[in-house]
Amino acid sequence: MAKIIVITSGKGGVGKTTTSAAIAAGLAKRGFKTAVVDFDIGLRNLDLIMGCERRVVYDFINVIRGEANLKQALIKDKRIDNLFILPASQTRDKDALTKEGVDQVLQELQTEFDYIICDSPAGIERGAHLAMYFADVAIVVTNPEVSSVRDSDRMLGLLASKSRRAEQGLEPIKEHLLLTRYSLTRVQKGEMLGVDDILEILAIPLLGVIPESQAVLRASNAGVPITLLDELTDAGQAYLDSVARLLGEDIPHRFVKPEKKGFLSRLFKSREETIA
């Protein structure tokens, strides 16, 4: 049965949708049949990041309301066979999501897929609560700034108390921290929190550190997950490392300490800056 992973945060704009696309594509590249579901009803950005906005005919709410079946609404990625997207509705409000409806859709997905990635809206609204409620694993996305970390700490409290696992007294949701838009230079200048400071506050395992990179914006504008667009960039490598750790592999963390730059790394860094 598929594992349900929620990508969540307390604060908006930290890179949840980018992360959802990158993690889902990374898992699919590893051979796992993966569905990524947009819970941000009314806004809907996942289809843009995945480059399938023109192919949306039916959406998550259509399936919940019985206006279409799941196979009609799922969009198969053109670049990788075992990656599928279930888009959100742009025309409905948050109340269109029901616990029973979400449960039914997720149960049906679990019979067909290895992993289900739930792209959650920010904060504690209905869509965010339902995205996390059924999760087995949570990836809490945060930026290295005080307000983002504080809001993430609030989300950890909700994950521990408002999930189905908590209600039923089951094993807690497995929590991971993903730190995005990390700039070692700014940390050294005291303009950002360091990794150790954030881990001390949140006290959950570190899944990955994604360096600040123009490649992320370039991938989003191109409608391609960064783990499919350019895995040679720092951000692409960091996301692929995060996928490996999610699968239980022991991968050392990169981009958290100053590194001596060899010829190849300088070449790829120069290439990234030139393209940007």
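In the block above lies the structure referred to throughout.
The rules behind each value
Residues numbered from 1 in each chain as written. Predicted model: local features only at pLDDT ≥ 70, side-chain atom pairs only at ≥ 80, totals over all residues. Heavy atoms only, no water. Helix = DSSP H or I, 4+ residues; strand = E, 2+ residues; numbered from the N terminus. Rg over C-alpha atoms; globule rule 2.2 N^0.38 Å. Buried < 20%, exposed > 50% of the residue type's maximum accessible area, 1.4 Å probe, protein only. Contact = heavy atoms within 4.5 Å. Areas by Shrake-Rupley, 256 points an atom, 1.4 Å probe, with all protein chains shown as cover. Lys, Arg positive; Asp, Glu negative; His and termini not counted. Charge placed at Lys NZ, Arg CZ, Asp CG, Glu CD. Polar contact = N/O pair within 3.5 Å; in protein donor to acceptor, adjacent residues only side chain to side chain. Phe/Tyr/Trp six-rings, centres within 6.5 Å; stacked < 30°, edge-to-face > 60°. Pairing = 2+ DSSP bridges. Axes fitted to C-alpha atoms, helices over the stretch in contact; angles between N-to-C directions. Core = buried A, V, L, I, M, F, W, Y, C linked by side-chain atoms within 4.5 Å.

Enquirer: Please give an account of the overall build of the protein that cites residues and values.
Expert: Check the secondary structure of the protein and you find 14 helices and 8 strands. For 276 residues, the compact-globule estimate of 2.2 N^0.38 gives 19 Å, and the protein sits close to it at 18 Å. For the protein, the spread of C-alpha atoms along the three principal axes comes to 55 × 40 × 30 Å. Within the protein, the proportion of its 276 residues that are buried is 54%. A sequence separation of at least 24 residues applies to 76% of the contacts in the protein between residues at least 6 apart. Per element, the accessible surface of the protein, about 12,800 Å² overall, is 48% carbon and sulfur. A gap of 3 Å separates the mean positions of the 36 positive and 38 negative side-chain charges of the protein.

Enquirer: Quick rundown of the side chain of Ser213? Include the residues and the values.
Expert: Looking at the element boundaries, Ser213 is found in the loop between strand S8 (206-211) and helix H11 (214-222). Here Ala215 takes part through its backbone nitrogen, which lies 3.0 Å from a polar atom of the side chain of Ser213.

Enquirer: Could you give an account of the packing of aromatic side chains, with specific residues and numbers?
Expert: In total, this model carries 4 aromatic pairs according to the counting rule given. An angle of 80 degrees between the planes, with centres 5.1 Å apart, marks the rings of Phe39 and Phe60 as edge-to-face. On the criterion of sequence distance, the pair formed by Phe39 in the loop between strand S2 (34-38) and helix H2 (46-49) and Phe60 in helix H3 (residues 60-64) is long-range, its members being 21 residues apart. Side by side, Phe39 and Phe60 carry an identical accessibility label, which is buried. When the centroid spacing of 5.5 Å and the interplanar angle of 80 degrees are considered together, the rings of Phe84 and Phe113 count as edge-to-face. Taken as a pair, Phe84 in strand S4 (residues 83-86) and Phe113 in the loop between helix H5 (99-110) and strand S5 (115-119) lie far apart in primary sequence, 29 residues in all. Overall, the relative accessible area of 6% leaves Phe113 in the buried class.

Enquirer: How would you explain the sheet that holds S4 if you had to name every residue and give the values?
Expert: If you trace the 8 strands from one edge of the open sheet to the other, you get S3-S4-S2-S5-S1-S6-S7-S8, paired in mixed fashion. Looking at strand neighbours, the two that pair on one side only are strand S3 (75-76) and S8, the edges of this open sheet. Alignment of strand S7 (residues 174-182) against S8, held across 4 bridges, turns out to be parallel. Of the residues in S8, the one forming a bridge with Tyr182 is Pro211. Contacting strand S1 (3-8), S2, S4 and S5, H5 crosses the sheet at an angle of about 145 degrees to S5.

Enquirer: Run through the nonpolar core, naming residues and quoting values.
Expert: Counting residues in hydrophobic clusters, the biggest one holds 52 residues, and the most contacted among them are Phe39, Phe60, Leu97, Val102 and Leu109. By residue number, the principal contributor to this core is helix H7 (residues 146-161), which donates 5 residues.

Enquirer: So what's going on with the pairing of strand S6 (residues 137-142)? Residues and values would help.
Expert: For S6, the tally of buried residues reaches 6 of 6 residues, placing the bulk of the element in the interior. Neither face of S6 is exposed, since Val137, Ile139 and Val141 on one face and Ala138, Val140 and Thr142 on the opposite face are all buried. Relative to S6, S1 runs parallel, the two being bridged by 4 bridges. Counterpart to Ile5 in the pairing with S6 is Val137. By the bridge criterion, 6 bridges tie S6 to S7 in an arrangement that is parallel. When the bridges of S7 are listed, Ile139 appears paired with His176.

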